[in-house]
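Survey of secondary and tertiary structure
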Amino acid sequence: MSSVFDLVLQVKPEHIDVLGHVNNVVYVQWMQDVASAHIETLGVGLDQYLEMKHAMVAVEHHVQYRKAAMLDDKIILRTWLYDINALYSFRQYAFFNAKDQTLLFTGNTKWACIEIATGRPKRMSPTFIQAYQPINTDIDPYDLDSIVTV
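Residues numbered from 1 in each chain as written. Predicted model: local features only at pLDDT ≥ 70, side-chain atom pairs only at ≥ 80, totals over all residues. Heavy atoms only, no water.

You'll find the chain entered in an unreviewed UniProt entry as Thioesterase domain-containing protein, with Acinetobacter bereziniae LMG 1003 = CIP 70.12 given as the organism.

Okay, structure coming up:
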């Protein structure tokens with residue numbers, strides 16, 4: 001079983017768009033960043049992908065922008081796995097302003113297992129299936145106060 005994973009960052013000038021808040025494409029990059037950091041802690045990161053000759057790739061994103069993040073805000077990027085089958089794993093995200101715990105963004109991604117050499121779909125290896133198990137259903141990943149993260 002995997003766990004909720006947090007990555008904390010500070011909004012920098014390069015994250016800001018002409019409207020003075022974090023640009024929407026930055027949130028998608030942060031989804032990738034926190035997912036990559038999480039899989040590294042699960043022991044199935046890029047090095048393992050290359051070694052096993054297969055990888056997980058994003059095939060579908062759904063996002064909801066709830067409140068703007070501004071320059072110098074400290075942001076908690078939170079992610080967790082919530083479902084898995086032979087070909088896909090499903091990951092959710094919730095990004096919070098650390099100062100007041102305001103929910104800024106939610107999203108989810110459907111990840112597919114592929115063979116790196118061909119780009120074709122591949123059934124997940126036991127290594128992936130074991131590492132990418134969903135969090136316990138008793139956990140409320142939106143409750144910042146009750147979760148100990150990795």
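There is more to say, and it comes next.
Among all residues save glycine, negative phi is the norm, and among peptide bonds the norm is trans. Unusually for a residue other than glycine, Lys-53 sits at a positive phi of about 70°. Within the secondary structure, Lys-53 sits in the loop between α2 (46-52) and β2 (54-65). (Helix = DSSP H or I, 4+ residues; strand = E, 2+ residues; numbered from the N terminus.)

With that out of the way, let us pick up the packing of aromatic side chains. Here the structure, examined in full by the defined rule, presents 13 aromatic pairs. Taking 6.4 Å as the distance between ring centres and 15° as the angle between the ring planes, the aromatic pair formed by Tyr-27 and Phe-95 counts as stacked. Of this pair, Tyr-27 sits in helix α1 (residues 24-42) while Phe-95 sits in strand β4 (residues 88-97), placing them 68 residues apart in sequence. These aromatic residues form a ring-pair network of at least three members: Tyr-27, Trp-30, Tyr-65, Tyr-93, Phe-95 and Phe-105. Taking NZ or CZ as reference, Lys-110 lies 4.2 Å from the ring centre of Tyr-88, over its face. (Phe/Tyr/Trp six-rings, centres within 6.5 Å; stacked < 30°, edge-to-face > 60°. Lys NZ or Arg CZ within 6 Å of the ring centre and 35° of its normal.)

Counted at 1.5 Å a residue, the expected span for α1 with its 19 residues is 27 Å, and the 28 Å between its end C-alpha atoms agrees. Among the residues of α1, Val-26, Tyr-27, Trp-30, Met-31, Val-34, Ala-35, His-38 and Ile-39 are the ones counted as buried. Buried residues in α1 make contact with β1 (5-10), α2, β2, β3 (74-84), β4 and β5 (103-115). At the N-terminal boundary of α1, the capping side chain belongs to Asn-23, with an oxygen 2.9 Å from the backbone nitrogen of Val-25. Just downstream of α1, Gly-43 is the residue with a positive phi angle, here 85°. (Expected span 1.5 Å × (residues − 1). Buried < 20%, exposed > 50% of the residue type's maximum accessible area, 1.4 Å probe, protein only. Contact = heavy atoms within 4.5 Å. Polar contact = N/O pair within 3.5 Å; in protein donor to acceptor, adjacent residues only side chain to side chain.)

For the rest of this paragraph, the subject is a nonpolar patch on the surface. On the surface, Val-28, Val-63 and Tyr-65 cluster together into a nonpolar patch covering about 220 Å² of accessible area. Turning to its location among the elements, Val-63 is positioned in strand β2. (Patch = residues over 30% accessible without salt bridge, like charges linked within 9 Å, V, L, I, M, F, W, Y side chains within 5 Å. Areas by Shrake-Rupley, 256 points an atom, 1.4 Å probe, with all protein chains shown as cover. Salt bridge = Lys/Arg side-chain N within 4 Å of Asp/Glu carboxyl O.)

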